[in-house]
Amino acid sequence: MLAAQRHAELSISTVHPGWTVDRSERYLTASSRRMAEVVIVDGDGYIEAEHLRRVVGKLNGPSNGLTRAVPQGVRRGW
């Protein structure tokens with residue numbers, strides 16, 4: 001709405017992240033990969049935190065790995 005009020009020219013692009021098994025093994029720790037697998041496969045993209053905790057334990061370790069993955073890959077030129 002604000003952009004329209006300011007007569008902004010906007011464009012939308014689609015990002016194709018290209019996640020592969022190889023890339024996930026390079027970027028993510030084992031616990032982060034397991035967390036992602038549970039959410040993606042078991043939960044079809046969403047899963048309750050309590051279920052996730054039962055499967056992977058504490059969430060802060062795996063989620064921190066996911067949070068750091070992309071910046072780490074950029075720094076290392078992946």
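One can find the structure itself at the top, above this paragraph.
This report concerns the structure included in the present document. Counting from 1, residues in each chain are numbered in the order their sequence is written. Only residues with pLDDT of 70 or above have their local features reported here, since the model is predicted, and side-chain atom pairs are shown and tallied only from 80 upward, although totals for entire chains, interfaces and linings are computed over all residues. Hydrogens are left out, water is left out, and the side-chain values use all remaining heavy atoms of the structure.

All right, on to the overall build of the protein chain then. Counting its regular elements, the protein chain contains 5 helices and 0 strands. Along the chain direction, N to C, the helices and strands of the protein chain fall in the order α-α-α-α-α. Residues classed as buried in the protein chain amount to 19% of the 78 residues present. For the protein chain, long-range pairs separated by at least 24 residues make up 48% of all intrachain contacts whose partners lie at least 6 apart in sequence. Using a 1.4 Å probe, accessible areas were evaluated by the Shrake-Rupley method; residue-level cover was limited to the displayed protein chains. Surface summary for the protein chain: the accessible area is close to 6,400 Å², and the carbon and sulfur share equals 54%. By definition, any uninterrupted DSSP run of H or I lasting at least four residues is a helix, any uninterrupted run of E lasting at least two residues is a strand, and each is numbered from the N terminus. Think of it in three bands: with a 1.4 Å probe and only protein chains considered, a residue is buried below 20% of the maximum accessible area for its type, exposed above 50%, and partly exposed in between. We call two residues contacting when some pair of their heavy atoms lies within 4.5 Å.

Take the nonpolar core next. Across soluble globular proteins, nonpolar side chains show a tendency to be buried alongside one another. Remark: nonpolar core denotes a set of buried residues (Ala, Val, Leu, Ile, Met, Phe, Trp, Tyr, Cys) joined through side-chain atoms within 4.5 Å. M35, V38, I47, L52 and L59 together form the largest nonpolar core, which totals 5 residues. If near-sequence neighbours (up to four positions away) are discounted, L52 is found in contact with M35, V38, V39, I47, G57 and L59.

A separate point is the packing of helix α3 (residues 30-42) against helix α4 (residues 49-56). Structural elements are reduced to axes, namely lines fitted to C-alpha atoms, with helices fitted over the stretch in contact, and the angle between N-to-C directions of any two is expressed from 0 to 180 degrees. At a minimum axis separation of 10 Å, α3 and α4 run at an interaxial angle of 135°. For the element pair α3 / α4, the angle class is oblique. Crossing angle aside, the handedness with which α3 passes α4 is right-handed. Of the residues in α4, those in contact with R34, M35, V38 and V39 of α3 are H51, L52, V55 and V56. Looking at side-chain class alone, the contact of α3 with α4 contains 6 nonpolar, 1 polar and 1 charged residues. Roughly parallel means an angle under 35 degrees; roughly antiparallel means over 145; roughly perpendicular covers 65 to 115; every other angle is labelled oblique. Handedness of each helix crossing follows the sense of rotation of the near helix against the far helix: counterclockwise by less than a right angle gives left-handed, clockwise gives right-handed. Under the scheme applied here, ten amino acids are nonpolar (Ala, Val, Leu, Ile, Met, Phe, Trp, Tyr, Cys and Pro), four are charged (Asp, Glu, Lys and Arg), and all others, including Gly, are polar.

Another aspect to go through is α3. In a helix, the anticipated span is given by 1.5 Å times the number of residues less one. Compared with the 18 Å implied by 1.5 Å per residue over 13 residues, the 17 Å span of α3 between its first and last C-alpha is a close match. Turning to α3, its buried residues are S32, M35, A36 and V38. Along the axis of α3, the buried residues cluster in a sector spanning 155°; they form a single face. In this structure, α3 carries A30, I40, V41 and D42 as exposed residues pointing more than 90 degrees from its buried face. Buried residues belonging to α3 abut α4 and α5 (60-76). Downstream of α3 by one or two residues, D44 has phi in the positive range, about 50°. What the arc covers is the set of directions going from the helix axis to the C-beta atoms.

Attention now goes to the pattern of salt bridges. Salt bridges, as used here, are contacts in which a Lys or Arg side-chain nitrogen is within 4 Å of a carboxyl oxygen on Asp or Glu. For the structure shown, the criterion picks out 3 salt bridges. Ionic pairing is found between D22 and R26, a salt bridge with its closest N-O pair at 3.5 Å. Taken as a pair, D22 and R26 lie in helix α2 (residues 21-27) at a separation of 4 residues, close to a single helical turn.

Purely geometric stuff here, so don't read any function into it on its own.
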